[in-house]
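Here are the chains, one letter per residue:
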Amino acid sequence: PRKLWLNNIKLTQEMDGAGKAVYGDMRIGTSGEASIDPVWTQFNLASYLLGKGHHNALKIRALIELPSDTGIYWPPEFENAKGIGSPCTLMTQVTGNAGSENALYIREYTNGAAAVNASLTTAYSTTLPSGSYKNLYGTAINANVTLQPSTGFVYLKTSGFGCGGVSTPPPP
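So, here's what we can say about the structure. Keep in mind that what you see is a predicted model, and the values were worked out from it rather than measured.

**A few points about the overall build of the protein chain**
When helices and strands are counted, the protein chain shows three helices and ten strands. For the protein chain, the α and β elements follow one another from N to C terminus as α-β-α-β-α-β-β-β-β-β-β-β-β. For 172 residues, the compact-globule formula gives about 16 Å, and the C-alpha radius of gyration of the protein chain, at 16 Å, lands near that figure. Along the first, second and third principal axes, the C-alpha atoms of the protein chain reach 45 × 40 × 35 Å. Out of the 172 residues belonging to the protein chain, those deemed buried represent 43%. In the protein chain, 63% of the contacts between residues at least 6 apart in sequence involve partners at least 24 apart. The centroid of the 12 positive side-chain charges in the protein chain is displaced by 6 Å from the centroid of its 11 negative side-chain charges.

**Some points on the sheet that holds strand β7 (residues 132–135)**
A sheet is described by the order of its strands in space; here six strands give the open sequence β3-β4-β5-β10-β7-β8, paired in antiparallel fashion. In the strand order of this sheet, the two ends are held by β3 (92–96) and β8 (140–141), each with one partner. When β7 meets β8, the two strands line up antiparallel, connected through two bridges. Bridge pairing in β8 links Lys134 to Ala140. Running at roughly 70° to strand β10 (residues 151–159), helix α2 (residues 38–51) makes contact with β4 (103–109), β5 (112–117) and β10 of the sheet.

Scoring rules and cut-offs
Residues numbered from 1 in each chain as written. Predicted model: local features only at pLDDT ≥ 70, side-chain atom pairs only at ≥ 80, totals over all residues. Heavy atoms only, no water. Helix = DSSP H or I, 4+ residues; strand = E, 2+ residues; numbered from the N terminus. Rg over C-alpha atoms; globule rule 2.2 N^0.38 Å. Buried < 20%, exposed > 50% of the residue type's maximum accessible area, 1.4 Å probe, protein only. Contact = heavy atoms within 4.5 Å. Lys, Arg positive; Asp, Glu negative; His and termini not counted. Charge placed at Lys NZ, Arg CZ, Asp CG, Glu CD. Pairing = 2+ DSSP bridges. Axes fitted to C-alpha atoms, helices over the stretch in contact; angles between N-to-C directions.

The following block contains the structure:
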């Protein structure tokens, strides 16, 4: 079975554990920053957050850069995800085929969660960790989520801050 995505996340975790930096430079086959798909952005951002440690960075950009591009693309999804807080645990596979990419992975943060369905063919559902949530665009969402194939999302808590829903206030 295909494990390229999963092995990339595990490599990120292992390198971080060894005190080494990992820099992800993701490119989408479009022209210019304005054409970068928000769904692709969220998949990459959620994937990054699943494996993130202390020595990781993520850059996304169009395959064909235009003179009008900034060189350091900072989409609204990146800005809105800044308040996700600190990781509570390592990523966990919550459903799907054990140890494969045909699965849904999640990682709780003190102020949110990142979830990725790495399957190419199957939609998966799960319940987010205890708390109430909104998406990165400010819309309240149900804690029971279904992710379509090859999608990832970052959710921000609106209540139940802390790990496991233990109530602590979010940072100002």
